[in-house]
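Per-entry structural report
In case you want the letters, here they are:
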Amino acid sequence: MTDSSADHAVTPTTGSDLRDLLQYVAARGAGYRERVGDGPAFPSAAAVDAVRAALGSLPDGPTPAADVVGRLADAVEPALVASTGPRYFGFVTGGALDAPTAADVLTTAWDQNAWNPLTSPVAAVVEDVAGAWLKDLLGLPEDASFGFVTGGQGGNTVCLAAARHGVLADAGWDVERQGLHGAPRVRVVAGTGRHATVDRALRLLGLGTDAVVPVQTGLQGSIDLADLARALADTSTDPTIVCLQAGEVNTGAFDDFPAAIAAAHHHGAWVHVDGAFGLWAAAAPATRHLVAGIEQADSWSTDGHKWLNVPYDAGYAFCAHPAAHVAATSYSAPYLTGTGAEAFRSPGAYVLESSRRARGFTTWAALRQLGRDGVADLVERCCALARRFADGLARLDGVTVVNDVVLNQVLVRFGDDERTGRVIEAVQSCGECWMGGTVWHGMRLMRISVSSWLTTEADVDRSVDAIAAALTER
């Protein structure tokens, strides 16, 4: 009797065929990246609608790998968002540098599980090196712990988990063992302009959004120190976490870290800094003053796929109290340990995932490609381009730049909410560039984030022209 199942098995790709396939993928990816600046910044609705049909239905039997990859590329490429291009200004999205892009392909080919040194000793070593480089660039304490997370949400959640452990341990409560039932009430003092990922983290951690004691912010979004003092003085015996911002999500404004951190620590509070993109100001001489004193905080989070231009997904959580960090996020089991596993730092002990991608490879590649001076230049150049955006738009009739452009964020209003919405829609539809909308201080605004290493002055000028054209049509 023959085994008929063999007729339906997926057979391994031979060495030469796999090489041909990966070379095809490299050529296809490189071709896309070469063209991305020439096509529309956002796909048409028709292009997106066509993807589902192009993908086809689930086949009964195997399909050769080359056919699979070719079909996927043909189906998807016409509908991709040009977020790796030079005129995509939405959501503080970086453009993915060449070295980390290539390193990401290798990361997939190597397929390492970066849980601990037993699952991949080399992934642990590379992450250790890259983490030390990050702390150096960002001016954070040398002995701070760190975890490579998925992004801002993961970073804030990990850091607030460590903060929850820290403040409850100080109150004599072991939250990892005892849970939250019967625990002392934890209050979270945060500005009214905090990022929504902070609230989501509080929900996930069981603290709830009712734990938030809101603090008023100034005109540009930085925390009001007098109102912070008021919030800290109110029921100051409760375990307290204070959330500050390096780069307010709309304006890019920074809190007054020396004063705010000193006030918080005076009341025994843990200070977390959400620096999803703004923490990178520390890496550039021209912007470093914006984060003066930030090293005195207790935890920090930032992204790599934003201003460091690492491919998605890449984020980082740092903690000045490694014991609290590990207590909040680590676990083990007999099958996860073995000979030599304790000789290196375990990357998975500092994040929320067990099976996890080796994110250290792409981060190391980005830092190595740029170097210290290259990171500084990237930050300073994007800030200069943001100011060029603001200056160009401010010269147009009926256009108001409503924020102080201190970093890479520009907020623009076109008369009233209705007209602003129409202009945003027209610009997003034109294909020349893409920027999002937001609501700030009750106003509908265009939100421009300059974060890509590929953006030039010509790209900014071209985008300003596209906005000017949209104005004349509206």
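Just above, that's the structure.
A few points on the structure. Keep in mind the model is a prediction, meaning the values are calculated, not measured.

Some points on the overall build of the chain
The helix and strand tally for the chain stands at 14 helices and 11 strands. Per-residue burial over the chain gives 50% buried out of 474 residues. When the accessible area of the chain is evaluated, it comes to approximately 21,200 Å², of which 55% is carbon and sulfur surface. Both charge centroids of the chain, one from 35 positive and one from 54 negative side chains, sit 2 Å from each other.

Topic: a nonpolar patch on the surface
Together, Val 125, Val 129, Trp 133, Phe 344 and Trp 364 make up an exposed nonpolar region whose accessible area comes to about 400 Å². Among the elements that line the nonpolar patch, the one with the most residues is helix H5 (residues 121–138), at 3 residues. When its relative accessible area of 34% is taken as the criterion, Val 129 is described as partly exposed.

Looking at the nonpolar core
It is characteristic of soluble globular proteins that their nonpolar side chains tend to be buried jointly. The biggest cluster of nonpolar side chains holds 81 residues, and the ones touching the most others in it are Trp 280, Phe 389, Met 446 and Ile 448. Top contributing element to this core by residue count: helix H12 (residues 360–394), with 13 residues. What Phe 389 contacts, discounting residues up to four positions off in sequence, is Phe 89, Val 410, Met 435, Ile 448, Val 450, Val 460, Ser 463, Val 464 and Ile 467. Counting 25 residues, the second-largest nonpolar core is a separate cluster that includes Leu 160, Val 188, Val 198 and Leu 202.

Brief notes about the sheet that holds strand E10 (residues 436–440)
In spatial order, the strands read E8-E9-E11-E10; together these 4 strands make up an open sheet with antiparallel pairing. The open sheet has two edge strands, strand E8 (400–401) and E10, and neither has a second partner. Pairing geometry for E10 and strand E11 (residues 443–449), over 5 bridges, is antiparallel. Bridge pairing in E11 places Trp 440 opposite Met 443. Contacting strand E9 (409–413), E10 and E11, helix H13 (residues 417–430) runs over the sheet at an angle of about 30 degrees to E11.

Points about unusual backbone geometry
Of the consecutive residues Tyr 312 and Asp 313, the connecting peptide bond is found in the cis state with omega at -5 degrees. Relative to the helices and strands, Asp 313 resides in the loop between strand E6 (299–303) and strand E7 (315–319). We note that Phe 91 has phi near 60 degrees; this positive angle belongs to a residue other than glycine. Within the secondary structure, Phe 91 is located in the loop between helix H3 (65–76) and helix H4 (98–110). In this model, Asp 111 sits at a positive phi of 50 degrees, which is unusual for a non-glycine residue. With respect to the element layout, Asp 111 can be found in the loop between H4 and H5. For Asp 111, a relative accessible area of 63% gives the class exposed.

Side note on the pattern of salt bridges
For the coordinates displayed, the defined rule picks out 21 salt bridges. Asp 136 serves as the salt-bridge partner of Arg 372, at 2.8 Å between the closest nitrogen and oxygen. Of this pair, Arg 372 sits in helix H12 while Asp 136 sits in helix H5, and the two are 236 residues apart along the sequence. Of the charged contacts, one joins Asp 377 and Arg 381 as a salt bridge, the two residues approaching to 3.2 Å between their closest N and O atoms. Of this pair, Asp 377 and Arg 381 both sit in helix H12, 4 residues apart, which is roughly one turn of the helix. The exposure class of Asp 377 is partly exposed, given its relative accessible area of 42%.

A few points about the sheet that holds strand E3 (residues 212–215)
Think of a sheet as strands paired side by side through backbone hydrogen bonds, with each pair either parallel or antiparallel. Spatial ordering of the open sheet is given by E1-E7-E6-E5-E4-E2-E3, a layout of 7 strands whose pairing is mixed. Edge positions in the open sheet fall to strand E1 (145–149) and E3, since each of these has one partner strand only. Between one strand axis and the next, the sheet turns through 20 degrees on average, direction left out of account. Pairing analysis gives 3 bridges linking strand E5 (residues 270–274) to E6, with the strands arranged parallel. Counted as the bridge partner of Asp 274 is Ser 301 from E6. Sitting on the sheet, helix H6 (residues 152–170) touches E1, strand E4 (240–245), E5, E6 and E7, and the angle it makes with E5 is about 180 degrees. Strands E4 and E5 of the sheet are contacted by helix H10 (residues 257–266), whose axis makes an angle of about 175 degrees with E4.

Overview of the side chain of Asp 199
Note that Asp 199 resides in helix H8 (residues 196–204). At 2.7 Å, the side chain of Asp 199 and the side chain of Arg 194 are in polar contact. With residues up to four places along the chain from it excluded, the contact list for Asp 199 reads Arg 194 and Thr 209.

Quick notes on the pairing of E4
In terms of residue burial, E4 counts as a mostly covered element, since 6 of its 6 residues are buried. Residue alternation in E4 divides its side chains into two sets, Thr 240, Val 242 and Leu 244 and Ile 241, Cys 243 and Gln 245, and both sets are buried. Relative to E4, strand E2 (residues 187–191) runs parallel, the two being bridged by 4 bridges. In the sheet register, Val 189 faces E4, and the bridge partner there is Val 242. Where E4 and E5 come together, 5 bridges link them in parallel fashion. Residue pairing across strands places Ile 241 opposite Trp 270, the latter belonging to E5. Between E4 and its parallel partner E5, the chain crosses via H10, and the hand of that crossover is right-handed.

Examining the packing of H4 against H12
One way to put it is that H4 packs onto H12 with a least axis distance of 8 Å and a crossing angle of 155 degrees. Classed by the angle they form, the pair H4 and H12 counts as roughly antiparallel. Between H4 and H12 lies a crossing whose hand is right-handed. Contacts between H4 and H12 involve Asp 98, Ala 99, Pro 100, Ala 103, Asp 104, Thr 107 and Trp 110 on the former and, on the latter, Phe 361, Thr 362, Ala 365, Ala 366 and Gln 369. Taken together, the residues of the contact of H4 with H12 sort by class into 7 nonpolar, 3 polar and 2 charged.

How each quantity is defined
- Residues numbered from 1 in each chain as written.
- Predicted model: local features only at pLDDT ≥ 70, side-chain atom pairs only at ≥ 80, totals over all residues.
- Heavy atoms only, no water.
- Helix = DSSP H or I, 4+ residues; strand = E, 2+ residues; numbered from the N terminus.
- Buried < 20%, exposed > 50% of the residue type's maximum accessible area, 1.4 Å probe, protein only.
- Areas by Shrake-Rupley, 256 points an atom, 1.4 Å probe, with all protein chains shown as cover.
- Lys, Arg positive; Asp, Glu negative; His and termini not counted.
- Charge placed at Lys NZ, Arg CZ, Asp CG, Glu CD.
- Patch = residues over 30% accessible without salt bridge, like charges linked within 9 Å, V, L, I, M, F, W, Y side chains within 5 Å.
- Salt bridge = Lys/Arg side-chain N within 4 Å of Asp/Glu carboxyl O.
- Core = buried A, V, L, I, M, F, W, Y, C linked by side-chain atoms within 4.5 Å.
- Contact = heavy atoms within 4.5 Å.
- Pairing = 2+ DSSP bridges.
- Axes fitted to C-alpha atoms, helices over the stretch in contact; angles between N-to-C directions.
- Polar contact = N/O pair within 3.5 Å; in protein donor to acceptor, adjacent residues only side chain to side chain.
- Right-handed = clockwise from strand over helix to strand, strands pointing away.
- Parallel < 35°, antiparallel > 145°, perpendicular 65-115°, else oblique.
- Left-handed = near helix turned anticlockwise from the far one by under 90°.
- Nonpolar A, V, L, I, M, F, W, Y, C, P; charged D, E, K, R; others polar.

Read these as geometric descriptors, not functional statements.
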